[in-house]
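Observations on chain architecture
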Amino acid sequence: MSFGPHLFLALLEGTVTAFVLAVTALGLSLVFGVMRIVNVAHGEFFMLGAVLASLCAGLVGSPLGGFLFALVAAPLAVGAIALAADWLVLRRLDYHPEGTIVATIGLLYILQQAVLTFYGPDARPVTAPVYFRIEFPWFGYSGYKIVVAAISALLLAATWWLLTRTRLGLYMRAAQQDLEMAQAFGVPARRVYAIVFALGAMLAAAAGVLVVPIQQAHYLMGLDPLLLSFIVVIIGGLGSVKGTLVAAFVVGWSDGIVSVFFSPTLAKIVATLLVAAVLVVRPSGLFGEERA
Amino acid sequence: MSDRALGRVFGLHVAVIAVLFAAQFVLPPYDHTNVARILVLSVYALGYNVLLGYTGLMSLGHAMFFAAGMYGAGLPVYYLGFGAPGALAMGILCGIVVAGLFGLMALRTSGVAFLIVSLMFAQAFYLASLYFNEITLGDQGLILSGKLAALEFGGTQVGFHEPALKYNGALLLFAVCLLGTLVLRLSPVGRVLIAIRENEERTRLLGYDSFRYKLLSLVVSGALAAAAGATYALLFSYVGSTFASILFSIYPLLWSLLGGIGTILGPLLGTAFMFYLVDLASGWTSAYLFVVGVALLVLVLWFPRGILGTVRARWLPWLP
Amino acid sequence: MSALLETRALSKRFGGLNAVHEVDLQVAPGEIRALIGPNGAGKTTLVGMICGRLAPTSGRIFHRGEEITSMPPWERLKRGIVYTFQVTSIFKGLSCYENVALPAQRKLMTGIAARVALAESAVATRVQAALDSVGLAAEAGKQADQLAYGHQRLLELAMALAADPQLLILDEPTQGLAEAEIAQLCDLVRTIARKATVLLIEHNMDVVLSLASRVTVMDAGSIVAEGTPAEIAGNPVVQKAYLGR
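It should be emphasised that the depicted structure is a prediction, and the values quoted were computed from it without experimental measurement. (Residues numbered from 1 in each chain as written. Chains lettered and ligands numbered in written order. Predicted model: local features only at pLDDT ≥ 70, side-chain atom pairs only at ≥ 80, totals over all residues.)

Quick look at the overall build of chain B
- Helices and strands together make up the secondary structure of chain B, namely 14 helices and four strands.
- Against the globule reference of 20 Å for 320 residues, chain B gives a C-alpha radius of gyration of 19 Å, in line with a compact fold.
- Considering only C-alpha atoms, chain B reaches an extent of 55 × 45 × 45 Å along its principal axes.
- A burial count over chain B gives 54% of its 320 residues as buried.
- Within chain B, contacts between residues at least 6 apart in sequence are counted, and of these 78% link residues at least 24 apart. (Helix = DSSP H or I, 4+ residues; strand = E, 2+ residues; numbered from the N terminus. Rg over C-alpha atoms; globule rule 2.2 N^0.38 Å. Buried ≥ 20, exposed ≤ 12 C-beta atoms within 10 Å, placed from the backbone. Contact = placed C-beta atoms within 7 Å.)

Rendered as C-alpha cells:
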C-alpha cells in the first residue's frame, strides 16, 4: 500500500479514536470545569464500562443484544459507583483539590484491583455486535468502527443538548462560572456536583462499552484513556467543551498518523510532548479560561 | 531556633542513624536486605517530601527522577564499565539535569496543571525507556551483578554482593541525605520554601523570587530521588522500566503522607511501614495494590497529617 | 526636590473597566502622603502597580529617578518599597516569629554560606525589634491565626518594618483596630516617617488629618484633588466624591 492509502487509513483510525476520546475526555473536562477537581480514577470508569460490557456479552446470547444491554446497563452501574464515591469520599473532603487527587488515586487502585480479583488478569475479547466490512479500493475497513464513531457523535450531541437546553445544564454552566453566585440563585450545588461526577463516569463507561469489541477488556486498560484524556483536556482547556472536541481530533489524528507510520509508543510520546509545548506557552490550555 | 533546641533536633536525627547502624548486627538476614532497600527508598521519599511537604508542590512524576538516576548510573556500568563512585555521580548529575529542565518548563504552571504536566513528562520518560528497548531492555531490565567492580577499603576488597556493603552503603546515603535535608529545612532557604508553601504571593512581595526557589527545591528533590535511584541500581544490581512507571511515582506520595508530610523523619517511617504492609499483602493475594488504594483513602480522609505530623501537632512542636 | 516616587500616565484596565486611568503621582522623600477616596476609586489597584503586585496596562513608574515599571516585586522590595495588605496576608500556619523572620532575614542572605546557615541570633534581634515596635513581643511564639484580627494587622506591619522600608505603603492599616491601637499606630507611623517615606491609604479621616503632610484624593480611577489636609477637608469636589453619586 502506498503513502496515500496509508494516510487515509491513518486518518480513519484517527477519526474513530478521536470520537471515542472526545466522549471520554468530555467526562473528565466536565468534572473539572464544574467541580474544579481532577478525577484520576476516570480511566477506571472507562475500564469498568468495558469489563461490564464483556460480562454482559457473556450473559445475553447475541452479541448485538449484549451490546445494547451493556450500552444502557454499564453506564448506569458505573454512574452508581461514581455517586457512591462522591457521597462517601469526595463530599467529606469538601472537594479540596489536592485531597481529591489523592483520594481518586486510592479509588483507582481499589477499582483496578477489585476487577483483577473478580474478573481475572486475562484480557478477554468481545465479539462485535455488528459485522460488516466497508471495502475501499485499497483495503477493507471494519464497519463496526464506523458505528462506534457514529454512536460517539450521538453521545456528544446528547451531552451538548443537555448542557445547553436543559435546566441541569444551566445549573452546571452556572456552577462552573461562579459557584457562590449560582448558589445564591438557588442552584443546589451538592446535588449538581454529584450528578456531574456521575455523568462524567457514565460518559467514560459508555466509551468503554463502545471500544471493547475493538480492544479487549483488561483490568489495566484504564491508564491509556486516562492519559489521553488528560492530554486532550489540557490542550483543549480545562472546562471548555468546544476545546475538548477540537483537541480530541488533534490528538486522535496525530495518534493515528504516528501509530500507522511509526509506532504506537512513539505516538504517545509525541502526544505527551505536545501537551508540554502547549502548557509552556499557555498554562491555561488553548481554549481554557484564564483562572482569576 | 536556640542552640539548645538545635542540639536536640540534631541529636534526635543522629540517634536515629546510630540506631539504624546498630540494627544491622541484630537483624535476621531477610530483614537485613529489606532495611537496606527501605533506607534507599526512603531517600526517594525524602526528596519527594522536600517538594511537597516543604514547598507545597505536588508532583506525580517523581519516578522520572528516580529512573534518571537509576539509568544514569546503571547504563554506564553495564555498557561502559564505570566504577561505582563514577556511576553514582553520573546518576545524580542526570537527576539534576532532568529536574532542572523539567522545572524550567513546568514551573510556569502550578497546582493541578503542574501535577498533570509532571505525570505527562514522567509517562513520556517511561515510554521512552520502553521504546529504546535495545539499550534498556525495557521491563525485563539489566542485571548489573558481576559487572560492578568491587570497592577497595584500605587493602581489602568488598564486593557488591556483600550484605554489609548493601546495608552500610544504603545507610550512608540515608544519613547524608537525612542530615542534608535537615540543614536545608533549618536554613534561611528552608524558611523561604515553607513561606512559598503557605503564601506564595506574600513571599514574593517580601523580597523573594519564588520561581527561583521553587526551581531550587525541584532540583534538590530530583537530585535526592536520583541519588536513591542510582544507589538502588548499584546496590541491588537491577535497572528496569518498572521504576519509571506511574505507580512508582505514587509510592513516595503515599510514603510521605503516611509518615507525615512536612516532617524530616516522616518519609522513613512511611516507607518502612508500607514496604512491610505490601510485602505482607503480596503473600496473600496478587491484588495487593488494593492495600495501596485503601491506605491512600484512609490517610486522606482521616489521617492527613500522617504519623509524625500527628505526633508533632500533639506532643512535639519542635520536630522539624 | 526630585520625587522619591513618580508615576506617569499610569493606567490599569480590567476588561472594560478603567480601574486606574492615566494617574500622575509624585511622592516627595520623607513625606507622609495619604491617599483617600471612596470604595472602588482605584487606590489599592494603584499601589498594587507601584509595589509590583499588578502589571500596569500602560504608563510608567519611577523610583529615585530610575524606571521600575517592569521590575519584579522582589527587586522592588530590595529597593525598599514595602507593601502591607488591605486584607491581611500573613502566614497563618506559622508563628509570629517565623512570619517576621522571613522579611527580616532577607538582607542577611548574602552569598551561599549565609543562605545555608545563618546565625539565628542575627535574625532574632531584628525580629524582636520589629515585634517590639508594634507591641507584639509577647506573642512571638503564638501561631499567627490564633491572634485577634487587630493583632494580625499589627503583625502585618511588623513584617513590613522588618523588611527595612524606604517607601512604606500602608493599605488601610487602622481597619479593625481599637482606639488605643490606632493612636499607637499613628505614633509608630510618625517614628517610621523620620527615616522613611509613607504612602497611606485610609478611610479614617481623623488619622489622615493628624498624620498626613499631603493628601491625594482619587475617584473613579483618577486623581481629583491634591493638597494639605486642611485644603482637602474643605474641598467641595472631595465632598461630592464621597457623598454625591
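So, the confidence of the model for chain A
Residue and element names in this part refer to chain A.
- Averaged over every residue, the pLDDT of chain A is 86; the share at 70 or more is 96%.
- Model confidence for chain A, summarised as mean pLDDT per element, is weakest for helix α11 (residues 264–281) at 80 and strongest for helix α8 (residues 189–211) at 93.
- Predicted confidence is poor over residues 286–292, with pLDDT under 50, and the contacts of this stretch with residues over four places away or in other chains come to 19 contacts. (pLDDT = per-residue confidence, 0-100.)

Brief notes about the nonpolar core
- Ala205(A), Ile231(A), Phe66(B), Leu254(B), Val100(C) and Ala158(C) are the most contacted members of the largest nonpolar core, which totals 284 residues.
- Looking at this core element by element, the count peaks at 17 residues for α8(A).
- For this core, the two domains that each supply at least three residues are domain 1 (1–80 + 165–245) and domain 2 (91–162) of chain C.
- Every residue in contact with Val100(C), bar those within four places of it in the chain, is listed here: Val127(C), Ala130(C), Leu131(C), Ala158(C), Met159(C) and Ala162(C). (Core = buried A, V, L, I, M, F, W, Y, C linked by C-beta atoms within 7 Å. Domains from an automatic or database assignment.)

Concerning the interface of chain B and chain C
- Taken together, the contacts link 17 residues of chain B with 25 residues of chain C.
- Looking at the side of chain B that touches chain C, the elements that each hand over two or more residues are α8 (188–198) and α9 (200–205) of chain B.
- It is α8(B) that contributes the most residues to the side of chain B that touches chain C, six residues altogether.
- Taken together, the residues of the side of chain B that touches chain C break down into nine nonpolar, three polar and five charged. (Nonpolar A, V, L, I, M, F, W, Y, C, P; charged D, E, K, R; others polar.)

Considering the arrangement of the chains
- For the two pairs of chains in contact, the maximum contact count is reached by chains A and B.
- Over all C-alpha pairs, chain A and chain C never come within contact, reaching a minimum spacing of 11 Å.

Quick word on the interface of chain A and chain B
- Facing the 34 residues of chain A at the interface are 32 residues of chain B.
- Put simply, the parts of the chain that give the side of chain A that touches chain B at least two residues each are α4 (97–119), α9 (223–236) and α11 of chain A.
- With 15 residues, α4(A) is the largest single contributor of residues to the side of chain A that touches chain B.
- In terms of residue class, the side of chain A that touches chain B is built from 25 nonpolar, six polar and three charged.

Thoughts on the confidence of the model for chain B
- Scored by pLDDT, chain B has a mean of 90; 98% of the residues are at 70 or more.
- Taken element by element, the predicted model of chain B shows its lowest mean pLDDT in strand β2 (residues 151–153) of chain B (72) and its highest in helix α10 (residues 210–236) of chain B (95).

Section: the sheet that holds strand β2 (residues 17–27) of chain C
Residue and element names in this part refer to chain C.
- Here we have four strands laid out as an open sheet, ordered β2-β1-β4-β5, and antiparallel in their pairing. Since the sheet does not close on itself, it has two edges, and those belong to β2 and β5 (66–67), each with one partner.
- In this sheet, β2 lies alongside strand β1 (residues 5–14) in antiparallel orientation, the contact comprising seven bridges. Paired with Lys12 across the bridge in β2 is Val20. (Pairing = 2+ DSSP bridges.)

Topic: the pairing of β1(C)
Residue and element names in this part refer to chain C.
- Between the end of β1 and the start of β2, which pair antiparallel, lie two residues, with Gly15 showing a positive phi angle near 60°.
- In terms of strand pairing, β1 meets strand β4 (residues 58–63) through five bridges, oriented antiparallel. Considered in β4, the bridge of Leu5 is made with His63.

Details of α8(B)
- Counting buried residues in α8(B) gives ten out of eleven residues, a clear majority hidden from the surface.
- Pro188(B), Val189(B), Gly190(B), Arg191(B), Val192(B), Leu193(B), Ile194(B), Ala195(B), Ile196(B) and Arg197(B) are the residues of α8(B) that are buried.
- Taken together, the buried residues of α8(B) touch α2 (29–54), α7 (163–186), α9 and α10 of chain B together with α3 (96–104) and α4 (111–116) of chain C.

Thoughts on unusual backbone geometry
- Positive phi is not limited to glycine here, since Tyr95(A) has a value of about 60°.
- Here Tyr95(A) shows up in the loop between α3 (63–90) and α4.
- Among the residues examined, Tyr95(A) registers 17 C-beta atoms within 10 Å and is labelled partly exposed.
- Of note in this structure, Glu172(C) is not a glycine but carries a positive phi near 50°.
- Here Glu172(C) is to be found in the loop between β7 (167–171) and α7 (179–193).

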